[in-house]
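An overview of the molecular structure
One letter stands for each residue in the lines below.
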Amino acid sequence: MIRISFDRDSAIAVGLMSGTSLDGVDAAVVRIEGGGLSAKAKLLHAYSRPYGDELRERLKDLCVPERSRVDEICGMNALLAEIFAEAAREAVRQAGLSMQDVDFVSSHGQTVWHIPGERDRTGGSDLQSRDPAAVRSTLQIGDLSVLSKRLGVPVVGDFRPGDMAVGGQGAPLAPYGDLILFRDEARGRLLQNIGGIGNCTALPASANPEDVFAFDTGPGNMVIDQAVWLLSGGRMTYDAGGAWGASGTPCESLVDEMLKHPFFRQAPPKSTGREVFGKAYTADFVERARRDFALSDADIVATATAFTARSIAQSYTDFVFPRCRIDEIVVSGGGARNAALMEMLAELLPEQAVCSSNEFGVDDDAKEAVIFALLGNDFLRGVPNHLPSATGASRPTVLGKLALP
Ligand SMILES: Nc1ncnc2c1ncn2[C@@H]1O[C@H](COP(=O)(O)OP(=O)(O)OP(=O)(O)O)[C@@H](O)[C@H]1O
Ligand SMILES: CC(=O)N[C@H]1[C@@H]2OC[C@@H](O2)[C@@H](O)[C@@H]1O[C@H](C)C(=O)O
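Residues numbered from 1 in each chain as written. Chains lettered and ligands numbered in written order. Predicted model: local features only at pLDDT ≥ 70, side-chain atom pairs only at ≥ 80, totals over all residues. Heavy atoms only, no water.

Looking at an unreviewed UniProt entry, one finds the chain named Anhydro-N-acetylmuramic acid kinase and attributed to Saccharibacillus sacchari.

Right under this line is the structure:
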């Protein structure tokens, strides 16, 4: 086995995360002490570089098979890396550091497609006749070599395929970092990230790695964002502060119907994405809301918000609360800024304190970027950096790939 030598106890890393909401790339400059589950991370600076409307729409289309083009995926792989490099450089500058101070960058990349499990075994053991669109696989773009050559530092990335190669779903990976950052001896914590997709990590009090479980709860802001974009004729990309949603009344019977989607019944481990709750899903939802329920625009946004809140709460009732005691729900991701959504969640979950990860010293916007810095740190130390209990992998293994400058 090749083991990369990484013998320093403390490193400065930049974690990069471009998530499913396609709002931009988050960069976290982090000082990491040690490695593995006892690593300590201190966020030195968080920076987000937003994507303009044109780039966001291009990226959305790349994630829709009918509109996606292979030449554009190829080019976007290089282009996004250039954009990530600019974001990393700016984050480091704003932290008062220079690239010479940075030991490594660790990049999640941008997911364009994700097939968490084998859907179709047609062809059986004859590999050549298998349907490739049904093979367990995942694609994150933002080329690691381009990033490394531009920044002049080693870049770790492409974490998900390694988990799939040992039978996992390639997601969620954040629970490993949640365990490092939020484990508590006395209190059971549920970490809820609300990005494009919603995902939660259950950390029972004094959890060992095998006690942690995690899964995607369904859409995070994805349906709200897309509804807002459609209803505003492309002028708004999200519901700032949840104001539009708060001005309407949710149609609970439509939410009841939406919660019948098979994803919500599926037991964890499970993951989802833009393939399921993307543009087409929301276009159908908006059309039905108008045609069958005669909802106003404000009521449609309120209904999308209630759908997100109830899908999260229902996931806990079905899959978390029967398994372990939870005292606190710690929300991170851009959804923590949607007051209407946060209020609905607090109302649906009266037994637990619902708070933001900011209260634990982890910037709610930067949490995932910090976690990817931790994953890169462990890759360089040869330490397994995922939780098979969360992804369904058959064994712990070291995830990631390395590009050198
Ligand atoms: N002030 C705000 N008010 C309401 N919503 C907001 C606000 N700021 C951000 N958001 C929402 O948060 C989203 C971005 O969240 P985040 O950056 O956590 O997602 P992501 O990392 O791209 O997604 P994922 O975690 O699913 O990969 C935006 O698309 C928007 O819907
Ligand atoms: C394939 C993919 O990119 N999945 C993302 C996405 O965004 C949220 C949710 O869906 C989660 O499964 C995952 O990201 C986080 C960081 C994870 O792996 O834990």
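With that settled, the discussion passes to the pairing of strand β3 (residues 40–50). Direction of pairing for strand β2 (residues 24–33) relative to β3: antiparallel, over a ladder of 10 bridges. Bridge assignment links Val30 to a residue of β3, and that residue is Leu43. Between the antiparallel neighbours β2 and β3 lie six residues, among them Gly34 with a positive phi of about 70°. (Pairing = 2+ DSSP bridges. Helix = DSSP H or I, 4+ residues; strand = E, 2+ residues; numbered from the N terminus.)

The subject of this paragraph is the packing of helix α12 (residues 297–320) against helix α13 (residues 339–348). Between α12 and α13, whose axes approach to 9 Å, the crossing angle comes to 40°. In this view, α12 runs oblique relative to α13, as classed from their interaxial angle. The element α12 and its partner α13 pack so that their crossing is right-handed. Counted together, Ala302, Thr305, Ala306, Thr308, Ala309, Arg310, Ile312 and Ala313 of α12 and Ala340, Leu341, Met344, Leu345 and Leu348 of α13 form the full contact between these two elements. Residue classes in the contact of α12 with α13 are distributed as 10 nonpolar, two polar and one charged. (Axes fitted to C-alpha atoms, helices over the stretch in contact; angles between N-to-C directions. Parallel < 35°, antiparallel > 145°, perpendicular 65-115°, else oblique. Left-handed = near helix turned anticlockwise from the far one by under 90°. Contact = heavy atoms within 4.5 Å. Nonpolar A, V, L, I, M, F, W, Y, C, P; charged D, E, K, R; others polar.)

The immediate surroundings of ligand 1 are formed by 23 residues, with Thr20, Ser21, Gly196, Asp225 and Gly241 found nearest. For ligand 1, an oxygen atom lies 2.5 Å from a polar atom in the side chain of Ser21. Relative to its unbound accessible area of 660 Å², ligand 1 is 88% covered by the protein chains. Tallied by class, residues from the shell around ligand 1 come to five nonpolar, 12 polar and six charged. Residues from two domains meet in the shell around ligand 1; each of domain 1 (10–173 + 365–403) and domain 2 (185–360) gives at least three. (Near = heavy atom within 4 Å. Polar contact = N/O pair within 3.5 Å; in protein donor to acceptor, adjacent residues only side chain to side chain. Areas by Shrake-Rupley, 256 points an atom, 1.4 Å probe, with all protein chains shown as cover. Domains from an automatic or database assignment.)

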